[in-house]
Amino acid sequence: MLFRSADLVPSPSGKTTDYGVKLSLLRNRLSLTATRFHTISQKEFGFSGFNKGNIVNIWNALGNSTALPADETAFALAQAQVMNMVQGYTQNSESRGTEFEVVGQLTSGLSVSVNYALNNSTRTNMAPEYRAYIDHWKPYWLKYRDLALTQNINQPRPQRAPGFQDWNTPATIAATGDFTLNTDSVNEAIADAESAFFDNPHVFEGKRFVGDPLYTVNFRTRYDFKEGFLRGLSVGGGTRWRVNRIAGARTDYSVTPGSDFTDTWNGRTIDKVTLVSAKDQSVYDLQVSYSLPILARKVRWSVQLNVNNVLDQLELIVNNIHPRTLAPLTYRYQDPRQFVLTNTFGF
């Protein structure tokens, strides 16, 4: 049956178990907290790697081709609009980790704060509804596999693609991960949809995901001058580290003999997935403040200057990489040096 009612997206659910210990040391000048946690989340929203473009193009090709009955034409164009609004998928996640925090006043003027976290997160059951959607509609799409992906409404229709099996050579596919030489048909768009889905999120099933750091460390220290001509002055600094952040994966696979590139995952079976980490990130900050009483000591005025990313590190941060060549695909900018000046009056 062509027309089916949509299922509502289920509400996410989860469970967290944590236990820890908290100690006061050096006559309560130092506080140490250690926590071990385990979090399970089901049906949460995910979006990384979600590529709906090929599906939208397939429905538009069918809807604009005049090859379908009137009711199916309306449905195809409606599906193109609906899929164009879909922004992600559901997934389950599981996180296990440890957090340590040390906060204290080591001397009368020196204070420190250190936070360390190890978080090993994995994703499972990724995009099952999207997988089911493609599997349900693929036989219907394949009935029109030779339709041109772009239908010119000013020309006689339906328009057929010059070729609907313009595949790259096995050597090119192995090197680039690109199956299609020229995606101009419904058939080739199906193959591209399977390829994109395979690369992300499918290969990350049961593994750490793109963007997840394994370790994070935040360290801050401050010294307050209590006497002399520097009394009221405070200087401090800190650093933020992000270590072993996933940028992508290299996948070794086998192709099932006799399979077609429009089959599930293009007929591929995963043999091995090797996660690839981005360069570790470290950013340094600086803080200077001064405080003194004013107006006959009835008001305390404090001025503080924070300099974030004091070294003005401008290197591009790799978000994700190509699944075959491992070349960076997208970047983001490190926030530039930032000055924040704050004045506070206490009454």
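Just above, that's the structure.
Predicted, not measured: the structure shown is a model, and the values here were computed from it.

1. Some thoughts on a nonpolar patch on the surface
Line of reasoning, step 1. Together, Tyr223, Val235, Leu286, Val288, Leu305, Phe339 and Leu341 make up an exposed nonpolar region whose accessible area comes to about 600 Å².
Line of reasoning, step 2. When residues of the nonpolar patch are traced back to their parent elements, those giving at least two are strand E8 (281–294) and strand E12 (338–346).
Line of reasoning, step 3. As for its placement among the helices and strands, Leu286 is situated in strand E8.
Line of reasoning, step 4. On the accessibility criterion, Leu286 (37% relative accessible area) is partly exposed.

2. Topic: the packing of aromatic side chains
Line of reasoning, step 1. Applying the stated criterion to the full structure yields 20 aromatic pairs.
Line of reasoning, step 2. Consider the rings of Phe179 and Phe261, whose centres lie 4.9 Å apart with planes at 65°: the pair is edge-to-face. Of this pair, Phe179 sits in the loop between helix H4 (170–176) and helix H5 (186–199) while Phe261 sits in the loop between strand E6 (233–255) and strand E7 (268–277); the two residues are 82 residues apart in sequence, bridging distant segments of the chain.
Line of reasoning, step 3. Ring geometry for Phe197 against Trp265: centres 5.0 Å apart, planes inclined by 75°, an arrangement best described as edge-to-face. Separated by 68 residues along the polypeptide, Phe197 in helix H5 and Trp265 in the loop between E6 and E7 bring together distant segments of the chain.

3. A look at the pattern of salt bridges
Line of reasoning, step 1. Tallied over the entire structure, the rule returns ten salt bridges.
Line of reasoning, step 2. A single salt-bridge network, built from bridges that share partners, covers Arg131, Asp135, Lys138 and Glu194.

4. Examining the environment of Phe339
Line of reasoning, step 1. Mapped onto the secondary structure, Phe339 falls in strand E12.
Line of reasoning, step 2. A relative accessible area of 56% places Phe339 in the exposed class.
Line of reasoning, step 3. C-alpha of Phe339 to C-alpha of Leu286: the two residues are 53 residues apart in sequence and 9.7 Å apart in space.
Line of reasoning, step 4. Phe339 has contacts with Leu305, Asn306 and Val307, leaving out every residue within four places of it along the chain.

Conventions used here
Each chain carries its own residue numbering, running from 1 in the direction its sequence is written. Reporting of local features is limited, given that this is a predicted model, to residues whose pLDDT is at least 70; pairs of side-chain atoms are given and counted only at 80 or more, and all residues count toward the totals for whole chains, interfaces and linings. Side-chain metrics in this entry use all non-hydrogen atoms of the structure; hydrogen atoms and water are not considered. Two joining distances apply to patches: 9 Å for like charges and 5 Å for nonpolar side chains (Val, Leu, Ile, Met, Phe, Trp, Tyr), and every residue must have over 30% relative accessible area and no salt bridge. For accessible areas, the Shrake-Rupley method is used with a probe of radius 1.4 Å. Any residue's cover is judged against the shown protein chains and nothing else. Basic side-chain nitrogens of Lys or Arg form a salt bridge, by our definition, when they fall within 4 Å of a carboxyl oxygen of Asp or Glu. Starting at the N terminus, helices and strands are each numbered in turn, a helix being any DSSP run of H or I of at least four residues and a strand any DSSP run of E of at least two. Buried residues are those whose accessible area, probed at 1.4 Å on protein chains only, stays under 20% of the maximum for their type, while exposed residues exceed 50% and partly exposed ones sit between those limits. Only Phe, Tyr and Trp rings take part, Trp by its six-membered ring, and two of them pair if their centres are within 6.5 Å. Stacked means planes under 30 degrees apart, edge-to-face means over 60, and tilted covers everything else. Residues are treated as being in contact if the distance between any of their heavy atoms lies within 4.5 Å.

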